[in-house]
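Below, each chain spelled out in residue letters.
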Amino acid sequence: MREQLVKSSAQIYDGTDQCTSITIHETANESVGADAQAHANLRSNGNVHQVSWHITVDDTEAIRSYPDTAQWWHAGTREGAESSIAVEICVNSDGNYDKAFALAAEVVAGLRAKHGIPRSKVYDHAHWTGRNCPSVMRATGRWQEFLNLTEGANPTIGTMVSPFEGRLTANHQDRGGYKGHKGLDIAPPKPGQTRMPVYAAFAGTWKKIVRNVKAGNRASTLAPARTGGGGLIANPDGEGNGYNHVDILDAWKVGDKAAVGDLIGYNDLSGNQTGAHVHFEMWKDWEDHNSDYDPRDAFDAHGVRPGSAPKGIITPVASKPKPKPKPSTSKPKPASSVNSRADNTAIQTALT
Ligand SMILES: [Zn+2]
Ligand SMILES: [Zn+2]
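If you're wondering where the values come from, they're calculated on a predicted model, not measured in any experiment. (Residues numbered from 1 in each chain as written. Chains lettered and ligands numbered in written order. Predicted model: local features only at pLDDT ≥ 70, side-chain atom pairs only at ≥ 80, totals over all residues. Heavy atoms only, no water.)

**Describing the side chain of Asp-292**
Then step 1. Relative to the helices and strands, Asp-292 is located in strand β19 (residues 292-293).
Then step 2. A polar side-chain atom of Asp-292 sits 2.8 Å from a polar atom in the side chain of His-172.
Then step 3. With near-sequence residues (within four places) excluded, Asp-292 lies in contact with His-172, Gln-173, Lys-182, Arg-226, Met-282 and Trp-283. (Helix = DSSP H or I, 4+ residues; strand = E, 2+ residues; numbered from the N terminus. Polar contact = N/O pair within 3.5 Å; in protein donor to acceptor, adjacent residues only side chain to side chain. Contact = heavy atoms within 4.5 Å.)

Below you can see the structure in the form of C-alpha coordinates.
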(Lines give C-alpha, C1' and ligand atoms only; values in the text may rest on other atoms or scores of the structure.)
(Ligands and ions follow the chains in the order given, each with its own letter.)
Protein backbone atom coordinates (compact mmCIF):
# COMPACT_ATOMS: atom_id res chain seq x y z
CA MET A 1 0.00 0.00 0.00
CA ARG A 2 1.35 3.33 -1.02
CA GLU A 3 0.61 6.36 1.11
CA GLN A 4 -0.25 9.69 -0.38
CA LEU A 5 -1.68 11.20 2.74
CA VAL A 6 -3.77 14.31 2.51
CA LYS A 7 -3.88 16.97 5.20
CA SER A 8 -7.39 18.16 5.60
CA SER A 9 -9.58 19.61 8.30
CA ALA A 10 -12.76 18.64 6.50
CA GLN A 11 -13.35 15.53 8.58
CA ILE A 12 -16.74 15.21 10.19
CA TYR A 13 -17.99 14.94 13.76
CA ASP A 14 -14.50 15.80 15.03
CA GLY A 15 -14.12 12.21 16.01
CA THR A 16 -12.02 9.19 15.37
CA ASP A 17 -13.18 6.42 13.08
CA GLN A 18 -13.68 3.39 15.32
CA CYS A 19 -12.39 1.04 12.60
CA THR A 20 -14.90 -1.64 13.56
CA SER A 21 -16.06 -2.29 10.04
CA ILE A 22 -15.01 -1.89 6.42
CA THR A 23 -17.21 -0.56 3.63
CA ILE A 24 -16.59 -1.45 0.00
CA HIS A 25 -17.39 1.03 -2.75
CA GLU A 26 -16.74 1.32 -6.45
CA THR A 27 -15.90 4.64 -8.04
CA ALA A 28 -18.56 4.23 -10.75
CA ASN A 29 -16.18 6.21 -12.95
CA GLU A 30 -15.43 4.26 -16.11
CA SER A 31 -13.41 7.04 -17.74
CA VAL A 32 -10.06 6.09 -19.19
CA GLY A 33 -7.40 6.98 -16.65
CA ALA A 34 -9.75 7.09 -13.65
CA ASP A 35 -7.43 4.88 -11.68
CA ALA A 36 -6.24 4.89 -8.06
CA GLN A 37 -3.61 7.52 -8.77
CA ALA A 38 -6.11 9.85 -10.37
CA HIS A 39 -8.48 9.52 -7.43
CA ALA A 40 -5.69 9.99 -4.91
CA ASN A 41 -4.59 13.10 -6.77
CA LEU A 42 -8.09 14.48 -6.59
CA ARG A 43 -7.76 14.28 -2.80
CA SER A 44 -4.26 15.73 -2.81
CA ASN A 45 -5.20 18.59 -5.11
CA GLY A 46 -7.61 19.98 -2.59
CA ASN A 47 -10.79 18.52 -3.95
CA VAL A 48 -11.68 17.53 -0.42
CA HIS A 49 -14.89 18.03 1.40
CA GLN A 50 -16.55 15.87 3.97
CA VAL A 51 -17.27 13.25 1.36
CA SER A 52 -14.19 11.13 0.99
CA TRP A 53 -12.73 7.69 1.61
CA HIS A 54 -9.56 6.14 2.94
CA ILE A 55 -8.08 3.87 0.29
CA THR A 56 -8.43 3.64 -3.49
CA VAL A 57 -7.52 0.43 -5.31
CA ASP A 58 -7.09 -0.20 -9.01
CA ASP A 59 -5.67 -3.14 -10.92
CA THR A 60 -2.05 -2.38 -10.03
CA GLU A 61 -1.91 -0.55 -6.71
CA ALA A 62 -3.62 0.63 -3.57
CA ILE A 63 -3.19 4.21 -2.40
CA ARG A 64 -4.06 5.43 1.05
CA SER A 65 -5.27 9.03 1.29
CA TYR A 66 -6.07 9.16 5.01
CA PRO A 67 -5.30 7.15 8.12
CA ASP A 68 -7.93 4.55 8.98
CA THR A 69 -8.95 6.62 11.99
CA ALA A 70 -10.03 9.65 9.95
CA GLN A 71 -13.79 10.06 9.71
CA TRP A 72 -15.35 10.68 6.34
CA TRP A 73 -18.86 10.77 4.98
CA HIS A 74 -18.89 7.83 2.58
CA ALA A 75 -21.57 5.41 3.68
CA GLY A 76 -24.55 7.71 3.82
CA THR A 77 -25.12 7.24 7.53
CA ARG A 78 -23.53 8.66 10.63
CA GLU A 79 -22.83 5.18 11.99
CA GLY A 80 -21.02 4.29 8.79
CA ALA A 81 -18.95 7.43 8.92
CA GLU A 82 -18.00 6.89 12.53
CA SER A 83 -17.18 3.22 12.43
CA SER A 84 -16.20 2.14 8.96
CA ILE A 85 -13.04 2.28 6.84
CA ALA A 86 -13.90 3.10 3.23
CA VAL A 87 -12.24 1.27 0.33
CA GLU A 88 -12.97 2.38 -3.23
CA ILE A 89 -12.41 0.02 -6.16
CA CYS A 90 -11.71 1.64 -9.53
CA VAL A 91 -13.79 0.61 -12.52
CA ASN A 92 -11.92 2.64 -15.16
CA SER A 93 -12.44 1.11 -18.58
CA ASP A 94 -8.70 0.90 -19.24
CA GLY A 95 -8.18 -1.13 -16.07
CA ASN A 96 -8.64 -4.82 -15.32
CA TYR A 97 -11.57 -5.12 -12.93
CA ASP A 98 -10.74 -8.69 -11.88
CA LYS A 99 -7.29 -7.61 -10.76
CA ALA A 100 -8.64 -4.58 -8.91
CA PHE A 101 -11.21 -6.85 -7.25
CA ALA A 102 -8.48 -9.25 -6.09
CA LEU A 103 -6.16 -6.50 -4.91
CA ALA A 104 -8.98 -4.81 -2.98
CA ALA A 105 -9.69 -8.12 -1.24
CA GLU A 106 -6.02 -8.33 -0.30
CA VAL A 107 -6.18 -4.81 1.13
CA VAL A 108 -9.31 -5.68 3.09
CA ALA A 109 -7.64 -8.84 4.40
CA GLY A 110 -4.87 -6.65 5.76
CA LEU A 111 -7.31 -4.21 7.34
CA ARG A 112 -9.21 -7.07 8.92
CA ALA A 113 -6.06 -8.53 10.42
CA LYS A 114 -4.85 -5.13 11.62
CA HIS A 115 -8.08 -4.11 13.33
CA GLY A 116 -9.52 -7.53 14.16
CA ILE A 117 -12.55 -6.98 11.96
CA PRO A 118 -14.67 -10.11 11.38
CA ARG A 119 -16.07 -11.12 8.02
CA SER A 120 -19.54 -10.19 9.24
CA LYS A 121 -18.41 -6.56 9.55
CA VAL A 122 -17.24 -6.19 5.98
CA TYR A 123 -20.11 -4.36 4.30
CA ASP A 124 -20.97 -3.17 0.87
CA HIS A 125 -22.13 0.43 0.60
CA ALA A 126 -25.63 -0.90 -0.07
CA HIS A 127 -25.66 -2.29 3.48
CA TRP A 128 -25.94 1.23 4.90
CA THR A 129 -28.36 2.94 2.57
CA GLY A 130 -29.45 0.53 -0.13
CA ARG A 131 -27.49 2.48 -2.71
CA ASN A 132 -26.39 0.30 -5.61
CA CYS A 133 -22.69 0.31 -4.75
CA PRO A 134 -20.35 -1.43 -5.49
CA SER A 135 -22.49 -1.83 -8.57
CA VAL A 136 -20.28 -4.07 -10.72
CA MET A 137 -19.71 -6.50 -7.86
CA ARG A 138 -23.41 -6.53 -7.07
CA ALA A 139 -24.50 -6.92 -10.67
CA THR A 140 -22.18 -9.89 -11.14
CA GLY A 141 -23.07 -11.59 -7.84
CA ARG A 142 -19.49 -11.66 -6.61
CA TRP A 143 -19.95 -10.42 -3.04
CA GLN A 144 -19.41 -13.78 -1.30
CA GLU A 145 -16.42 -14.44 -3.53
CA PHE A 146 -14.98 -11.10 -2.45
CA LEU A 147 -15.55 -11.89 1.22
CA ASN A 148 -13.91 -15.28 0.82
CA LEU A 149 -10.84 -13.63 -0.65
CA THR A 150 -10.61 -11.31 2.35
CA GLU A 151 -9.82 -14.35 4.49
CA GLY A 152 -6.30 -13.69 3.28
CA ALA A 153 -3.46 -16.11 3.78
CA ASN A 154 -4.60 -17.29 7.17
CA PRO A 155 -4.42 -21.04 6.78
CA THR A 156 -6.94 -21.70 9.50
CA ILE A 157 -9.67 -19.86 7.68
CA GLY A 158 -10.65 -20.40 4.11
CA THR A 159 -10.05 -24.11 4.16
CA MET A 160 -13.10 -26.28 4.12
CA VAL A 161 -14.16 -29.90 4.01
CA SER A 162 -17.60 -31.40 3.73
CA PRO A 163 -18.61 -32.16 7.33
CA PHE A 164 -20.18 -35.48 6.38
CA GLU A 165 -19.85 -38.01 3.62
CA GLY A 166 -23.04 -38.94 1.86
CA ARG A 167 -25.86 -37.47 -0.18
CA LEU A 168 -27.28 -33.97 -0.12
CA THR A 169 -30.95 -34.52 0.66
CA ALA A 170 -32.26 -31.04 1.51
CA ASN A 171 -31.15 -27.56 0.59
CA HIS A 172 -31.21 -24.33 2.52
CA GLN A 173 -34.40 -22.37 1.87
CA ASP A 174 -32.46 -19.87 -0.24
CA ARG A 175 -31.77 -22.52 -2.82
CA GLY A 176 -35.07 -24.29 -3.13
CA GLY A 177 -35.10 -25.95 0.26
CA TYR A 178 -38.35 -25.94 2.16
CA LYS A 179 -39.32 -22.68 3.78
CA GLY A 180 -37.61 -22.21 7.09
CA HIS A 181 -34.83 -24.72 6.40
CA LYS A 182 -31.81 -22.99 7.88
CA GLY A 183 -29.13 -25.36 6.70
CA LEU A 184 -28.59 -28.27 4.41
CA ASP A 185 -29.01 -31.96 5.08
CA ILE A 186 -26.50 -34.62 4.18
CA ALA A 187 -27.67 -38.21 4.56
CA PRO A 188 -25.22 -41.10 5.03
CA PRO A 189 -24.27 -43.22 2.00
CA LYS A 190 -26.70 -45.93 3.04
CA PRO A 191 -30.10 -44.77 4.28
CA GLY A 192 -30.47 -45.05 8.01
CA GLN A 193 -26.77 -45.36 8.84
CA THR A 194 -25.77 -43.83 12.13
CA ARG A 195 -22.45 -43.51 13.95
CA MET A 196 -20.77 -42.27 10.80
CA PRO A 197 -17.98 -39.70 11.35
CA VAL A 198 -18.71 -35.98 11.29
CA TYR A 199 -15.91 -33.48 10.76
CA ALA A 200 -15.33 -29.80 11.42
CA ALA A 201 -16.05 -28.11 8.09
CA PHE A 202 -13.90 -25.13 9.09
CA ALA A 203 -11.48 -24.34 11.87
CA GLY A 204 -12.88 -22.59 14.90
CA THR A 205 -13.69 -22.53 18.57
CA TRP A 206 -16.46 -24.53 20.21
CA LYS A 207 -19.18 -22.22 21.50
CA LYS A 208 -21.98 -24.62 22.29
CA ILE A 209 -22.32 -28.37 22.71
CA VAL A 210 -25.63 -30.14 23.26
CA ARG A 211 -25.61 -33.79 24.27
CA ASN A 212 -28.06 -36.51 25.27
CA VAL A 213 -31.02 -35.40 23.19
CA LYS A 214 -33.52 -38.19 22.62
CA ALA A 215 -34.79 -39.24 19.20
CA GLY A 216 -38.04 -37.49 18.41
CA ASN A 217 -37.41 -34.64 20.82
CA ARG A 218 -38.61 -31.52 19.03
CA ALA A 219 -37.27 -29.08 21.57
CA SER A 220 -34.81 -26.62 20.09
CA THR A 221 -31.14 -26.99 20.87
CA LEU A 222 -28.67 -24.74 19.02
CA ALA A 223 -31.34 -22.25 18.02
CA PRO A 224 -35.12 -22.03 17.81
CA ALA A 225 -36.54 -24.85 15.69
CA ARG A 226 -33.21 -26.59 15.35
CA THR A 227 -33.40 -29.92 17.07
CA GLY A 228 -31.10 -32.69 18.08
CA GLY A 229 -27.75 -32.97 19.73
CA GLY A 230 -24.80 -31.21 18.19
CA GLY A 231 -22.63 -28.17 18.45
CA LEU A 232 -21.79 -24.69 17.33
CA ILE A 233 -18.30 -23.64 16.26
CA ALA A 234 -17.25 -20.02 15.73
CA ASN A 235 -14.72 -19.46 12.95
CA PRO A 236 -11.84 -17.02 13.41
CA ASP A 237 -13.67 -14.58 11.14
CA GLY A 238 -16.74 -14.50 13.36
CA GLU A 239 -18.97 -16.80 11.37
CA GLY A 240 -20.67 -19.77 12.97
CA ASN A 241 -21.10 -23.40 11.91
CA GLY A 242 -23.93 -25.47 13.36
CA TYR A 243 -23.96 -29.26 13.39
CA ASN A 244 -27.21 -31.02 14.30
CA HIS A 245 -28.10 -34.67 14.84
CA VAL A 246 -24.53 -35.30 15.90
CA ASP A 247 -23.25 -37.07 19.00
CA ILE A 248 -20.31 -34.80 19.83
CA LEU A 249 -17.28 -36.64 21.19
CA ASP A 250 -17.01 -36.47 24.96
CA ALA A 251 -13.50 -35.10 24.66
CA TRP A 252 -14.69 -31.80 23.20
CA LYS A 253 -15.68 -29.02 25.50
CA VAL A 254 -16.73 -25.44 24.95
CA GLY A 255 -13.68 -23.24 24.39
CA ASP A 256 -11.64 -25.95 22.64
CA LYS A 257 -10.24 -25.15 19.25
CA ALA A 258 -11.05 -27.44 16.36
CA ALA A 259 -8.99 -27.62 13.20
CA VAL A 260 -10.63 -28.05 9.85
CA GLY A 261 -11.31 -31.74 9.32
CA ASP A 262 -11.14 -32.69 12.99
CA LEU A 263 -13.44 -35.51 13.93
CA ILE A 264 -16.15 -33.88 16.01
CA GLY A 265 -18.54 -36.77 16.53
CA TYR A 266 -20.90 -39.24 14.89
CA ASN A 267 -24.30 -38.79 13.35
CA ASP A 268 -27.20 -40.01 15.43
CA LEU A 269 -31.00 -39.96 15.49
CA SER A 270 -31.30 -37.30 18.16
CA GLY A 271 -33.98 -34.67 17.77
CA ASN A 272 -36.69 -34.44 15.17
CA GLN A 273 -35.78 -36.25 11.98
CA THR A 274 -37.42 -38.74 9.69
CA GLY A 275 -34.24 -40.30 8.34
CA ALA A 276 -30.62 -40.24 9.44
CA HIS A 277 -28.78 -37.14 8.27
CA VAL A 278 -26.53 -34.36 9.45
CA HIS A 279 -28.08 -30.90 9.40
CA PHE A 280 -25.35 -28.32 8.76
CA GLU A 281 -25.82 -24.57 9.11
CA MET A 282 -23.67 -21.51 8.47
CA TRP A 283 -24.26 -18.22 10.23
CA LYS A 284 -22.65 -14.93 9.21
CA ASP A 285 -22.42 -14.08 12.88
CA TRP A 286 -22.03 -16.96 15.32
CA GLU A 287 -23.93 -15.00 17.94
CA ASP A 288 -26.95 -14.49 15.70
CA HIS A 289 -28.91 -17.63 14.83
CA ASN A 290 -30.95 -15.62 12.33
CA SER A 291 -27.87 -14.79 10.26
CA ASP A 292 -27.96 -18.15 8.53
CA TYR A 293 -27.12 -18.30 4.85
CA ASP A 294 -26.95 -21.05 2.28
CA PRO A 295 -23.89 -23.20 3.08
CA ARG A 296 -23.76 -24.02 -0.63
CA ASP A 297 -22.25 -20.55 -1.16
CA ALA A 298 -19.27 -21.65 0.91
CA PHE A 299 -19.09 -25.11 -0.63
CA ASP A 300 -19.11 -23.56 -4.09
CA ALA A 301 -16.53 -20.93 -3.19
CA HIS A 302 -14.20 -23.60 -1.85
CA GLY A 303 -14.83 -26.04 -4.64
CA VAL A 304 -16.13 -28.63 -2.20
CA ARG A 305 -19.12 -30.82 -2.99
CA PRO A 306 -21.56 -31.34 -0.11
CA GLY A 307 -21.26 -34.96 0.92
CA SER A 308 -17.84 -35.52 -0.66
CA ALA A 309 -15.37 -37.51 1.38
CA PRO A 310 -13.16 -35.11 3.29
CA LYS A 311 -9.74 -35.62 1.84
CA GLY A 312 -6.19 -34.65 2.41
CA ILE A 313 -6.66 -33.67 5.98
CA ILE A 314 -8.38 -36.58 7.58
CA THR A 315 -7.50 -40.11 8.38
CA PRO A 316 -10.63 -42.15 7.92
CA VAL A 317 -11.99 -43.27 11.24
CA ALA A 318 -13.66 -46.50 12.23
CA SER A 319 -16.91 -45.89 14.00
CA LYS A 320 -15.99 -47.57 17.29
CA PRO A 321 -14.51 -47.13 19.77
CA LYS A 322 -14.57 -43.36 20.04
CA PRO A 323 -11.07 -42.04 19.53
CA LYS A 324 -10.09 -39.07 21.56
CA PRO A 325 -9.44 -35.99 19.49
CA LYS A 326 -6.51 -33.91 20.44
CA PRO A 327 -7.90 -30.42 20.69
CA SER A 328 -5.50 -28.15 18.93
CA THR A 329 -4.05 -25.40 21.03
CA SER A 330 -2.37 -23.60 18.20
CA LYS A 331 -3.52 -20.07 17.64
CA PRO A 332 -4.56 -18.95 14.18
CA LYS A 333 -1.74 -17.22 12.47
CA PRO A 334 -2.37 -13.60 11.60
CA ALA A 335 -3.09 -12.98 7.96
CA SER A 336 -0.13 -11.85 5.99
CA SER A 337 0.21 -8.12 5.74
CA VAL A 338 -1.12 -6.18 2.84
CA ASN A 339 0.97 -6.12 -0.25
CA SER A 340 3.47 -3.39 -0.26
CA ARG A 341 3.68 -1.47 -3.44
CA ALA A 342 5.54 1.33 -1.80
CA ASP A 343 8.20 1.69 -4.42
CA ASN A 344 6.11 3.57 -6.89
CA THR A 345 6.39 7.16 -5.81
CA ALA A 346 6.09 8.75 -9.18
CA ILE A 347 3.02 10.87 -9.46
CA GLN A 348 1.31 10.04 -12.66
CA THR A 349 -0.90 12.26 -14.67
CA ALA A 350 -4.12 13.14 -13.01
CA LEU A 351 -7.56 12.41 -14.22
CA THR A 352 -8.35 14.31 -17.35
ZN1 LIG B 1 -20.33 3.61 -2.48
ZN1 LIG C 1 -32.05 -30.01 8.02
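**Considering the coordination of the zinc ion (ligand 1)**
Then step 1. For the zinc ion (ligand 1), every protein donor is listed as His-25 (ND1), His-125 (ND1) and Cys-133 (SG), and the spread of their distances is 2.0 to 2.3 Å.
Then step 2. For the zinc ion (ligand 1), the donor residues sit on a single chain with the sequence spacing H-x99-H-x7-C. Of the two residues, His-25 is situated in strand β2 (residues 21-26) and His-125 in helix α4 (residues 125-129); the sequence distance between them amounts to 100 residues. Judged on exposure class, the residue His-25 and its partner His-125 are both buried. (Donors = N, O, S within 2.8 Å, 3.2 Å for Na, K, Ca; no water. Buried < 20%, exposed > 50% of the residue type's maximum accessible area, 1.4 Å probe, protein only.)

**Some words on the coordination of the zinc ion (ligand 2)**
Then step 1. At the metal site, the zinc ion (ligand 2) is ligated by His-181 (NE2), Asp-185 (OD) and His-279 (ND1), and these contacts range over 2.0 to 2.2 Å.
Then step 2. For the zinc ion (ligand 2), all donor residues lie on one chain, and their spacing in sequence is H-x3-D-x93-H. You can see His-181 sitting in the loop between β7 (167-170) and β8 (184-187) and its partner His-279 sitting in strand β18 (residues 278-283), a full 98 residues away along the chain. With respect to class, His-181 is no different from His-279; both count as buried.

**Structural notes on the sheet that holds strand β3 (residues 55-57)**
Then step 1. The mixed open sheet is built from 6 strands, whose spatial order is β1-β4-β3-β5-β2-β6. Edge strands, defined here as strands with exactly one partner in the open sheet, are β1 (2-3) and β6 (122-124).
Then step 2. Across 3 bridges, β3 lies against strand β5 (residues 84-89) in parallel orientation. Across the sheet, the residue bridging to Val-57 is Ile-89, located in β5.
Then step 3. Sitting on the sheet, helix α3 (residues 97-115) touches β2, β3, β4 (62-64), β5 and β6, and the angle it makes with β5 is about 165°. (Pairing = 2+ DSSP bridges. Axes fitted to C-alpha atoms, helices over the stretch in contact; angles between N-to-C directions.)

**Describing helix α1 (residues 36-44)**
Then step 1. Of all 9 residues making up α1, 7 are buried, and the element is well covered by its neighbours.
Then step 2. All of the buried residues in α1 are Ala-36, Gln-37, Ala-38, His-39, Ala-40, Asn-41 and Arg-43.
Then step 3. Packed against the buried residues of α1 are β1, β3 and β4.
Then step 4. For α1, the side-chain oxygen to backbone nitrogen distance between the N-cap and Gln-37 is 3.3 Å, and the N-cap itself is Asp-35.

**With respect to the confidence of the model for the protein chain**
Then step 1. Residue-level pLDDT values for the protein chain average 83, and 83% of them are 70 or greater.
Then step 2. Counting contacts from residues 312-352, a segment whose pLDDT is below 50, to residues more than four positions away or on other chains yields 79 contacts. (pLDDT = per-residue confidence, 0-100.)

**Focus: the environment of Met-282**
Then step 1. Within the element layout of this structure, Met-282 appears in strand β18.
Then step 2. Residues Met-282 and Tyr-293 lie 11 residues apart in sequence; the distance between their C-alpha atoms is 5.9 Å.
Then step 3. The residues contacting Met-282, other than those within four sequence positions of it, are Phe-202, Glu-239, Gly-240, Asn-241, Ser-291, Asp-292, Tyr-293, Pro-295 and Ala-298.

**Focus: the packing of aromatic side chains**
Then step 1. Per the counting criterion, the structure on display carries 8 aromatic pairs.
Then step 2. Considering the side-chain rings of Tyr-97 and Phe-101, the 6.1 Å spacing of their centres and the 50° angle between planes classify their relative orientation as tilted. Of this pair, Tyr-97 and Phe-101 both sit in helix α3, separated by 4 residues, roughly a single helical turn.
Then step 3. When its relative accessible area of 16% is taken as the criterion, Tyr-97 is described as buried.
Then step 4. Under the relative-accessibility criterion, Phe-101 is labelled buried at 1%.
Then step 5. Between Trp-206 and Trp-252, the aromatic rings sit 5.6 Å apart at their centres with planes inclined by 40°, giving tilted as the arrangement. One end of the pair, Trp-206, is in strand β10 (residues 204-210); the other, Trp-252, is in the loop between β15 (246-248) and β16 (257-258), and 46 residues separate them in sequence. With respect to class, Trp-206 is no different from Trp-252; both count as buried.
Then step 6. An aromatic cluster is defined as three or more aromatic residues linked by ring pairs; in this entry it consists of Tyr-97, Phe-101, Trp-143 and Phe-146.
Then step 7. One residue, Arg-43, lies across the ring of Trp-53, its end atom 4.2 Å from the ring centre.
Then step 8. The aromatic ring of Phe-101 is capped on one face by Arg-142, whose charged end is 4.0 Å from the ring centroid. (Phe/Tyr/Trp six-rings, centres within 6.5 Å; stacked < 30°, edge-to-face > 60°. Lys NZ or Arg CZ within 6 Å of the ring centre and 35° of its normal.)

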